[in-house]
Amino acid sequence: MAADPSFVVGIIGNVISILVFASPIKTFRRIVRNKSTEDFRWLPYVTTLLSTSLWTFYGLLKPGGLLVVTVNGAGAALEAAYVTLYLIYAPRETKAKMVKLVLAVNVGFLAAVVLVTLTALHGGARLLAVGVLCVALTIGMYAAPMGAMRTVVKTRSVEYMPFSLSFFLFLNGGVWSVYSLLVKDYFIGIPNAIGFVLGTAQLVLYMAYRKATPAPAHKEDDDDGGEEAAAVDEEEGLAHLMGPQQVEMAQRRVRLHKGLSLPKHAGAPLSSPRDGLGSIIKSLSATPVELHSVMHQHGHGRFEPVNKGDGDVEANHK
């Protein structure tokens, strides 16, 4: 007797998705070895834990949702382990902030969704409510790399868009899109179809720019304007690699040029987005999109170099 095609595709999807969930293991081996979280972001792990937990609940509500439960249950277990390890090795201030968010979102919000769904909703309304929440979170996760695509076009370099990430986005979205068609589940199909399209676009972009000559960097000379532009480029590059909580820290590490003293802030300090459910959805994979927005909004608050002077030291303003 032939195997059910949807079951076979679902098994393949489970394997691919679990590989994606397991990809941060190398990062956490480093964290444990160094006993420090360094500059690694923690918000993506909290938000992915919420997403996988909701999808697991969705699979439990859905008739025949076993494969949805297995893949997301495994993902939730891995994300819970990542969050726990991060909490163990995080600095005290970060740990306090993280505990509050985990309790509010991964415990409080999730418990509220489960309670309301099981007590106030009945029949198809349960699946509809949970499915909409899952779709919103998954679309946010798939849309996150769009900022990296913009950076590739701007810089003519694929440095900020690793091939493996784009390939697995394409593969994962494609497999689960096929599965959704076989089982006629549009809640699974819509976000994964979007992920498949975005993954395809990233692969096309990668092939187009992988051998392209990067956009010329600003030439370093004695001109202050050129040095300031170079510092800003480095600042924005770091922002694409780090989370909002580390943007200000990264700015303090901008390389100093010869003959310049320590950088001095020329405007208001850059602050992180406020914690809350809104920021959680925006941060899903944390993201180049959000980071670019933060850098743009605070464009007039850059750290600029200060020249050594005989009297009072004043910041250079653009």
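The rules behind each value
- Residues numbered from 1 in each chain as written.
- Predicted model: local features only at pLDDT ≥ 70, side-chain atom pairs only at ≥ 80, totals over all residues.
- Heavy atoms only, no water.
- UniProt positions renumbered as here; feature names shortened; annotations may be inferred.
- Helix = DSSP H or I, 4+ residues; strand = E, 2+ residues; numbered from the N terminus.
- Buried < 20%, exposed > 50% of the residue type's maximum accessible area, 1.4 Å probe, protein only.
- Contact = heavy atoms within 4.5 Å.
- Polar contact = N/O pair within 3.5 Å; in protein donor to acceptor, adjacent residues only side chain to side chain.
- Phe/Tyr/Trp six-rings, centres within 6.5 Å; stacked < 30°, edge-to-face > 60°.
- Core = buried A, V, L, I, M, F, W, Y, C linked by side-chain atoms within 4.5 Å.

- Looking at an unreviewed UniProt entry, one finds the chain named Bidirectional sugar transporter SWEET, with Urochloa decumbens as its source organism.
- Turning to the chain, the UniProt annotation filed under Subunit (unreviewed entry) states: "Forms homooligomers and/or heterooligomers."
- Under Sequence similarities (unreviewed entry), UniProt gives the following word-for-word description of the chain: "Belongs to the SWEET sugar transporter family."

1. Structural notes on the environment of N14
Next up, step 1: Structurally, the position occupied by N14 is in helix α1 (residues 5-22).
Next up, step 2: You can call N14 buried: its relative accessible area is 8%.
Next up, step 3: When neighbours within four sequence positions are excluded, N14 is seen to be in contact with L67, T70, V71 and W176.
Next up, step 4: A polar atom in the side chain of N14 sits 2.8 Å from the backbone oxygen of G10.
Next up, step 5: Polar contacts involving the side chain of N14 include one to the side chain of T70, which spans 2.7 Å.

2. Regarding unusual backbone geometry
Next up, step 1: Backbone geometry places K35, a non-glycine residue, at a positive phi of 55 degrees.
Next up, step 2: Note that K35 resides in the loop between α2 (25-34) and α3 (43-61).
Next up, step 3: For K35, a relative accessible area of 60% corresponds to the exposed category.

3. Re the packing of aromatic side chains
Next up, step 1: Inspection of the entire model under this criterion finds 10 aromatic pairs.
Next up, step 2: Measuring from ring centre to ring centre gives 5.9 Å for F163 and F167, while their planes differ by 15 degrees; the resulting arrangement is stacked. Residue F163 and its partner F167 are both found in helix α8 (residues 163-183); the two are separated by four residues, about one turn of the helix.
Next up, step 3: By relative accessible area, F167 is classed as partly exposed at 31%.
Next up, step 4: Ring centres 5.2 Å apart and planes at 80 degrees place the aromatic pair W176 and Y179 in the edge-to-face group. A residue pair is termed a helical-turn pair when its members lie 3 or 4 positions apart in one helix, as W176 and Y179 do in helix α8 at three residues.
Next up, step 5: Since its relative accessible area comes to 5%, W176 is described here as buried.
Next up, step 6: A relative accessible area of 4% means that Y179 is categorised as buried.
Next up, step 7: Taken together, the ring pairs in this structure connect F163, F167, F168 and Y206 into an aromatic cluster.

4. Considerations on the nonpolar core
When a protein is soluble and globular, its nonpolar side chains tend to lie buried together.
Next up, step 1: Core analysis: the largest hydrophobic core is formed by 37 residues, its most contacted members being W42, L54, V83 and M98.
Next up, step 2: Listed by contribution, the elements that provide at least two residues to this core are α1, α2, α3, α4 (66-89), α5 (92-120), α6 (124-143) and α8.
Next up, step 3: Examining the composition of this core, we find that nine residues originate from one element, α3, more than from any other.
Next up, step 4: Judged by nonpolar contacts, the second largest core, of nine residues, contains M149, V152, M161 and L205.

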